[in-house]
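Single-letter residue listing:
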Amino acid sequence: MKRRLHVPDLGGARAVILHRPHPTVQALTRQLAAIGLEVAEHWPDLGPGVLGADYVFYDADMGHEGQFPWAPGVAPMPMIALIGSEAPGRIEWALTQGADAQLLKPVGDNGVFSALLIARQAFEARRALAAEIADLRARLAERQTVVRAVTLLAARGLTEDAAFAQLRQLAMAARETIEAAAQRIVARHTETHSVDDGGRNDRRKPS
């Protein structure tokens, strides 16, 4: 089943252009205004005030590190690179910033609308993938905590099955998930060993 392209309502959206004064900026501003976007121009860098923007167009030819108020590749909105030079170093830099789409310079009388749609689609897909990866990592961490808790219980002379059954009983008694019960067991074990280590260290200190 084909996924239909979602066309956002761009009227009133905010676009920021990070580019030195240039005819490219003028052409880009005309197209954005015709589509219905509010436009703000910045150079040589962006301040924290742009965090509420919906799109950022940035110069890939003269761009440099430190222009953005966020780390490379983690912009909170779609990023569109304005590319004039095809030098590998410049392309690599543009990609490092997290380009979701591109516009080739000189910018003419069309191309901006499609760049906006492509950038928004790529940005949403990237954000959804990041959320999915974060969820998988959290679930993996929880599973590892359960395994560790079962191992700690089994160290008391129980089989793994009996240890897991005990963990489940603890969770039911506390009316919490098995993962939460496992976290309590691991945390208690870590705290106990930390106190024990501190006592041994104190005894080793010369009087």
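So, a few notes on the structure that sits alongside this text.

About the cut-offs
Residues numbered from 1 in each chain as written. Predicted model: local features only at pLDDT ≥ 70, side-chain atom pairs only at ≥ 80, totals over all residues. Heavy atoms only, no water. Helix = DSSP H or I, 4+ residues; strand = E, 2+ residues; numbered from the N terminus. Axes fitted to C-alpha atoms, helices over the stretch in contact; angles between N-to-C directions. Parallel < 35°, antiparallel > 145°, perpendicular 65-115°, else oblique. Contact = heavy atoms within 4.5 Å. Nonpolar A, V, L, I, M, F, W, Y, C, P; charged D, E, K, R; others polar. Salt bridge = Lys/Arg side-chain N within 4 Å of Asp/Glu carboxyl O. Buried < 20%, exposed > 50% of the residue type's maximum accessible area, 1.4 Å probe, protein only.

Next up on the list: unusual backbone geometry. Where the residue is not glycine, phi is negative for most of them; where a peptide bond is considered, it is trans in most cases. Cis geometry marks the peptide bond from Trp43 to Pro44; its omega dihedral reads 15°. With respect to the secondary-structure elements, Pro44 resides in the loop between β2 (38-42) and β3 (55-59). The omega torsion across Lys105 and Pro106 is 0°, close enough to zero to call that bond cis. Tracing the sequence through the fold places Pro106 in the loop between β5 (101-104) and α3 (112-154).

The next thing to look at is the packing of helix α1 (residues 23-35) against α3. To characterise two packed helices, one gives the angle between the axes of the helices and the distance between these axes. Interaxial distance between α1 and α3 falls to 9 Å at its minimum, and their mutual angle equals 75°. Overall, the two elements α1 and α3 adopt an arrangement that is roughly perpendicular. Where α1 approaches α3, its residues Leu28, Gln31, Leu32 and Ile35 are matched on the opposing element by Val112, Phe113 and Leu116. For the contact of α1 with α3, the per-class residue count stands at six nonpolar, one polar and no charged.

Right, let's talk about the pattern of salt bridges for a bit. Considering all chains together, one arrives at eight salt bridges under this definition. Residue Lys105 pairs with Asp59 through a salt bridge whose shortest N-O separation is 2.8 Å. Residue Lys105 is found in the loop between β5 and α3, and its partner Asp59 is found in strand β3; the two are separated by 46 residues along the sequence. You'll find Lys105 and Asp59 in the same group, each marked buried.

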